[in-house]
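Residue-level listing of the chains:
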Amino acid sequence: MVAGVPVRVDEVDAREDQLRGSRLASSLPRRDTSEGRQLRRWLTQLLVTERVVAAEAATRGLKVDGAPGEDELLPDTTTRLEIGSIAASVLADPMARALFVSVTAAVDITDAEVRDYRERNPRRFADTAQIADHLRGAARRRAFRLWLDARCAQLVELAPGYEHPGDPRQPDNTHRH
């Protein structure tokens with residue numbers, strides 16, 4: 001459920017079928033296995049997050065005009081890992097990127113943060129503008145991820161069997177420390 005509106009099982013089925021019909025099919029786990037159920041949980045997370053993003057973008061009256069490109073927000077693999085697979089996948093949509101800009105518009109960094117970074121990493125960037133861009137991007141990705149997690153926690157109610165893939169209470173969780 002997202003804000004009281006159900007996400008139907010056939011929607012999860014359709015998304016899984018779409019994925020299994022893509023070039024990624026050979027790398028996906030078999031259906032009806034522990035890993036296959038984890039994939040469905042991940043797809044459910046993606047579907048509900050897409051709905052949260054769409055609802056928030058509509059509430060804010062956002063338009064995709066002028067939204068940054070995906071590579072501007074997520075320029076490399078490290079930034080995709082940093083923000084998380086669900087948020088990175090959602091940001092493929094220009095409306096989600098417009099929301100990212102709206103949510104993170106006030107996020108900035110200080111001159112002191114730039115100086116401290118330069119002192120710790122003197123050879124990483126040629127000038128302070130590059131450092132500032134790097135730090136600002138990281139701060140904005142973190143702010144968006146935290147905002148998105150909080151918003152999903154407010155609006156999403158997951159049914160048994162569709163828990164987050166990393167939830168240690170669900171039976172297919174294999175993440176152990």
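Conventions adopted
- Residues numbered from 1 in each chain as written.
- Predicted model: local features only at pLDDT ≥ 70, side-chain atom pairs only at ≥ 80, totals over all residues.
- Heavy atoms only, no water.
- Helix = DSSP H or I, 4+ residues; strand = E, 2+ residues; numbered from the N terminus.
- Contact = heavy atoms within 4.5 Å.
- Phe/Tyr/Trp six-rings, centres within 6.5 Å; stacked < 30°, edge-to-face > 60°.
- Buried < 20%, exposed > 50% of the residue type's maximum accessible area, 1.4 Å probe, protein only.
- Salt bridge = Lys/Arg side-chain N within 4 Å of Asp/Glu carboxyl O.
- pLDDT = per-residue confidence, 0-100.
- Core = buried A, V, L, I, M, F, W, Y, C linked by side-chain atoms within 4.5 Å.
- Expected span 1.5 Å × (residues − 1).
- Polar contact = N/O pair within 3.5 Å; in protein donor to acceptor, adjacent residues only side chain to side chain.

If you check an unreviewed UniProt entry, the protein appears there as [acyl-carrier-protein] S-malonyltransferase from Mycolicibacterium moriokaense.

On to the overall build of the protein, then. Of regular secondary structure, the protein possesses eight helices and zero strands. Secondary structure elements in the protein, listed N-terminal to C-terminal, are α-α-α-α-α-α-α-α. Along the three orthogonal principal directions, the C-alpha set of the protein runs to about 50 × 40 × 30 Å. Partitioning the intrachain contacts of the protein with sequence separation of at least 6 by distance along the chain shows that 70% fall at a separation of at least 24.

Attention now moves to the packing of aromatic side chains. Throughout the structure, instances matching the rule amount to three aromatic pairs. Between Tyr-117 and Phe-125, the aromatic rings sit 6.1 Å apart at their centres with planes inclined by 40°, giving tilted as the arrangement. The same class applies to Tyr-117 and to Phe-125, which are both buried. Within the aromatic cluster, the residues linked to one another by ring pairs are Phe-100, Phe-144 and Trp-147.

What follows covers the pattern of salt bridges. With the rule as written, the count across this model stands at 15 salt bridges. Residue Glu-11 pairs with Arg-51 through a salt bridge whose shortest N-O separation is 2.3 Å. You can see Glu-11 sitting in helix α1 (residues 9–20) and its partner Arg-51 sitting in helix α2 (residues 34–60), a full 40 residues away along the chain. Taking the shortest distance from any N to any O, the salt bridge between Glu-16 and Arg-40 comes out at 2.6 Å.

Of the residues in the protein, 98% have a pLDDT of 70 or more, and the chain-wide mean is 93. Looking at the elements of the protein, mean pLDDT is at its lowest for α2, recorded as 94, and at its highest for helix α6 (residues 94–104), recorded as 98.

All right, on to the nonpolar core then. Grouped together as the largest cluster of nonpolar side chains are 28 residues, with contacts concentrated most on Ile-83, Leu-91, Leu-99, Phe-144 and Leu-148. Within the residue set of this core, elements represented by two or more residues are α2, α5 (85–90), α6 and α8 (128–155). For this core, the leading source of residues is α2, giving six residues. Those residues in contact with Ile-83 that sit more than four places away from it in its chain are Leu-74, Ala-88, Leu-91, Phe-100, Arg-141, Phe-144 and Arg-145.

With that settled, consider unusual backbone geometry. Phi angles above zero are rare outside glycine, and Ala-3 is one such case at about 55°. Note on placement: Ala-3 falls in the segment before α1. Exposure remark for Ala-3: the relative accessible area of 54% places this residue in the exposed category. Positive phi outside glycine occurs at Asp-32, with the angle close to 60°. Note on placement: Asp-32 falls in the loop between α1 and α2.

Quick look at the environment of Asp-71 now. Examined against the element boundaries, Asp-71 turns out to sit in helix α3 (residues 70–73). We classify Asp-71 as exposed; its relative accessible area is 58%. Put simply, Asp-71 and Phe-100 are 29 residues apart on the chain and 13 Å apart in space, counted from C-alpha to C-alpha.

Time to look at α8. Relative to the 40 Å expected for 28 residues at 1.5 Å per residue, α8 spans 40 Å between its end C-alpha atoms, a close match to the ideal helical length. At the N-terminal end of α8, a side-chain oxygen is found 3.0 Å from the backbone nitrogen of Ala-129, two or three residues along, and the residue is Asp-127.

With respect to the secondary-structure elements, Thr-104 resides in helix α6. In contact with Thr-104, other than residues within four places in its own chain, are Arg-140, Ala-143 and Phe-144.

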